[in-house]
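So you can see what is in the structure, the chains are spelled out below.
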Amino acid sequence: MLALRIALRYLFARKSHSAVNVISVISTAGIAVASMAIVCVLSVFNGFTDLALERQSAVDPDVRVTPRAGKVFDSSDSLAGVLGALPGVRMAAPVLTERALAVFDGAQMPVMVKGIPAPYSALSSVATLAIDGMMVDAPADAPFPDRDYAFLSIGAAIATGARPSVEYPFLLTVPRRVGRINPAFPLGAFSTDTLTVSGVFQTNDPVYDEDLVFIPIDAARRLFDYPTQATAIELALEPGADSDEVISGIEEALGPDFIVADRLRQQETAFRMIEIEKWITFLMLLFVLVMASFNILSTMSMLIIEKEDNLRVFRAMGASQSLIRRIFLDEGLLIALIGGAVGIAVGVALCLAQQQWGFISLGGDHARMSIVAYPCRLSLSDVAVTAFVVLVIGTISGFVASRSVPDK
């Protein structure tokens, strides 16, 4: 306690050389700025993670079941019925996803076709992302119930020039999966279905916006020659249901032949990349913080030189070498803690202000952007990690500086 009181006096007392005061302020400011940057950057990455999850939730279901081996599995309708009866599951339905060639008014492009059940709005809110037309979610919504409708991503719509219209057909063509090829009639080797474009959607996620096309699952099964098969079963959970508990029940019911994925696992690679970028950036800022800590060593070295007379007096009064070293250990720790506390406090305030008002905006044309300000979410765990790092760096800096105190 005595060492801490002396360290506090050394820290705030006026020094005989103004350079010591200046370097001490610079040391504290360096730690503060680096700490503030760490809190702010980690919070912005948290915001982008939440934004990606929000965008993903509009398209992906709560839970998706896929076969562990192979692309499709049989008896998908009966299996969906079994899963739909499990506790916590509100709806379960099969979907069929496959590649096809889209043709509209002479324009062509390969697309990813996803056959979906009706009503699909119970599994996904993609219908709310329509920017032109609408998604025909049930036969009762269709202007012509005898037609099959396609709901196009903005990328597919732009590449083919397709637009919502009952006058122009939207064709999907795939090679026949079963049957024999007649060389005299090569077109017979392909299966083609004619649909009507009902709407165009945009998620602001290139994974979905590039080439995705939604069509009824009956049309997809007819086109791809999969009468009862599916590539996945998508599930919607009851509000308030424990997803981990429901997933455990699904895995127990299905066994090891299927993969059960929640929203995060469905896009595990994308979220892992965000997490990796976050902590790589953290390491870079940590390096800046370490560089700032060298100012603490400079401050302590100059302070030791300035206080040589005081140290002789302490020794004459019976102070031990360990007590004197503890003074400068506490001094270095205090500089780091004060700088870290100020930086973390400012960082927390900035992050909370950004969350509330979004005063730091993104560049570009805001009229064409879905968000105009940097997303931000403050996490107490990130604040705790930053505080711990500052504490460790301050302790190491003070310890190294205290070793340079002369014995006499």
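In this text, all values refer to a predicted model and were calculated from it rather than measured experimentally.

A. Inspection of the environment of Leu378 at higher detail. Within the element layout of this structure, Leu378 appears in the loop between helix H11 (321–357) and helix H12 (380–402). Placed 24 residues apart in sequence, Leu378 and Gln354 show a C-alpha to C-alpha distance of 9.8 Å. When neighbours within four sequence positions are excluded, Leu378 is seen to be in contact with Val39, Ser43, Val348, Cys351, Leu352, Gln355 and Val383.

B. Looking closely at unusual backbone geometry. Here the amide bond leading from Ala118 into Pro119 is cis, since omega sits at 0 degrees, within 30 degrees of zero. Tracing the chain through its elements places Pro119 in the loop between strand E3 (107–116) and strand E4 (130–133). A positive phi angle is found at Ser75, which is not glycine, with a value near 55 degrees. Inspection of the secondary structure puts Ser75 in the loop between strand E1 (63–67) and helix H3 (76–84). Residue classification places Ser75 among the partly exposed positions, given a relative accessible area of 44%. Of note in this structure, Asp105 is not a glycine but carries a positive phi near 55 degrees. One can find Asp105 in the loop between strand E2 (89–104) and E3. Its relative accessible area of 65% is what places Asp105 among the exposed residues.

C. Here's a closer look at the pattern of salt bridges. For the structure on display, the rule yields 10 salt bridges. In this structure, Asp50 engages Arg377 in a salt bridge whose closest nitrogen and oxygen atoms are separated by 2.4 Å. A residue pair is termed long-range when its members are at least 10 positions apart, and Asp50 in helix H2 (residues 18–57) and Arg377 in the loop between H11 and H12 qualify at 327 residues. For Arg377, a relative accessible area of 33% gives the class partly exposed. In this structure, Asp77 and Arg221 form a salt bridge, with 3.2 Å as the shortest nitrogen-oxygen distance. One end of the pair, Asp77, is in helix H3; the other, Arg221, is in helix H6 (residues 217–224), and 144 residues separate them in sequence. For Asp77, a relative accessible area of 42% gives the class partly exposed. By relative accessible area, Arg221 is classed as buried at 10%.

Reading the values: the criteria
- Residues numbered from 1 in each chain as written.
- Predicted model: local features only at pLDDT ≥ 70, side-chain atom pairs only at ≥ 80, totals over all residues.
- Heavy atoms only, no water.
- Helix = DSSP H or I, 4+ residues; strand = E, 2+ residues; numbered from the N terminus.
- Contact = heavy atoms within 4.5 Å.
- Buried < 20%, exposed > 50% of the residue type's maximum accessible area, 1.4 Å probe, protein only.
- Salt bridge = Lys/Arg side-chain N within 4 Å of Asp/Glu carboxyl O.

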